[in-house]
Amino acid sequence: MELVNELALFERAPEEVTVTLQEFEDAGFGEKPVWKAFVAEDDGLILGFAVYYIRYSTWKGQRLYLEDLIVTEAARGKGIGKLLFDKLIVEANELGFNGMSWQVLDWNEPAITFYQKKYGAAVEAGWLNASLSKEQLMAIDL
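Residues numbered from 1 in each chain as written. Predicted model: local features only at pLDDT ≥ 70, side-chain atom pairs only at ≥ 80, totals over all residues. Heavy atoms only, no water.

1. Digging into a nonpolar patch on the surface
We apply this condition: Within this analysis, patches are made of residues with over 30% relative accessible area and no salt bridge. Like charges are joined at 9 Å or less; nonpolar side chains (Val, Leu, Ile, Met, Phe, Trp, Tyr) at 5 Å or less. Computed with the Shrake-Rupley method and a 1.4 Å probe, the accessible areas treat only the protein chains shown as cover for residues. Just to be clear on terms, a salt bridge is a Lys or Arg side-chain nitrogen sitting within 4 Å of an Asp or Glu carboxyl oxygen. Each helix is a run of H or I in the DSSP string that is no shorter than four residues. Each strand is a run of E no shorter than two, and both are numbered from the N terminus. The cut-offs for exposure are 20% and 50% of the maximum accessible area for each residue type, with area from a 1.4 Å probe on protein chains only; residues under the lower value are buried, those over the upper are exposed, and the others partly exposed.
A cluster of nonpolar side chains, namely Leu132, Leu137, Met138, Ile140 and Leu142, defines an oily patch on the protein surface of about 620 Å² accessible area. Of note, methionine 138 is situated in helix H5 (residues 134-139). Using a relative accessible area of 64% as the deciding quantity, one classes methionine 138 as exposed.

If you want it as structure tokens, here you go:
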């Protein structure tokens, strides 16, 4: 959760983290896990992680969806992000996925450069994110 909160602070939205540690753990390690992760650590200290899940696109088929890739501020610039991203590529290939997708904030130039220059990734324009919160879902009268 420390890394999740660090990412939210970096993305200028710390107030958006509403998941509890218990919910996070249950979703990854409970009876019906919905996410998987690769973790980079050194001497038991977590330096970064990449959380992903399987996404299905009616246009593209099964794809690996990278939810978050974060490296602690102190460990950035040491190739840890590349190691994690490379591991995701291996995973997507081994599982036979039709591709991999993720989001990147339009102002995060270092990340955009990383994805485009190192991997030749396409960064799409024209899509807007939409969501409903738990409270909004519960308030809708159907």
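So much for the structure itself; the text now carries on.
2. Points about the side chain of serine 57
Here is the rule we go by: Polar contact is the term for a pair of N or O atoms within 3.5 Å; when the atoms are in protein, one must be able to donate a hydrogen and the other to accept it, and sequence-neighboring residues count only if both atoms are side-chain atoms.
Locating serine 57 in the fold gives a position in strand E2 (residues 45-57). Residue serine 57 is classed as buried on the basis of its relative accessible area, which comes to 9%. Side-chain polar atoms of serine 57 contact the backbone nitrogen of tryptophan 59, separated by 3.1 Å.

3. Quick look at the packing of aromatic side chains
Put simply, the rule reads: Ring geometry is summarised as follows: Phe, Tyr and Trp rings, the Trp one being its six-membered ring, pair when their centres sit within 6.5 Å, and such pairs are stacked at plane angles under 30 degrees, edge-to-face over 60 and tilted between the two.
Taken as a whole, this structure holds 12 aromatic pairs when the rule is applied. Ring geometry for phenylalanine 29 versus tryptophan 35: centroids 5.4 Å apart, planes at 75 degrees, classification edge-to-face. Accessibility expressed as a relative area gives 65% for phenylalanine 29, which makes it exposed. When the ring of phenylalanine 85 is compared with that of tryptophan 102, the centres are 5.2 Å apart and the planes differ by 85 degrees; the resulting orientation is edge-to-face.

4. Looking at the pairing of strand E1 (residues 36-42)
Side-chain positions along a regular strand alternate between the two faces of the sheet. Rule in force here: For two strands to be treated as a pair, DSSP must find at least two bridges joining them.
In this structure, E1 lies alongside E2, joined through seven bridges in antiparallel fashion. If you follow glutamate 41 over to E2, its bridge partner there is isoleucine 46. Between E1 and E2, which pair antiparallel and follow one another directly, the connecting turn spans two residues, one of which, aspartate 43, has a positive phi of 55 degrees.

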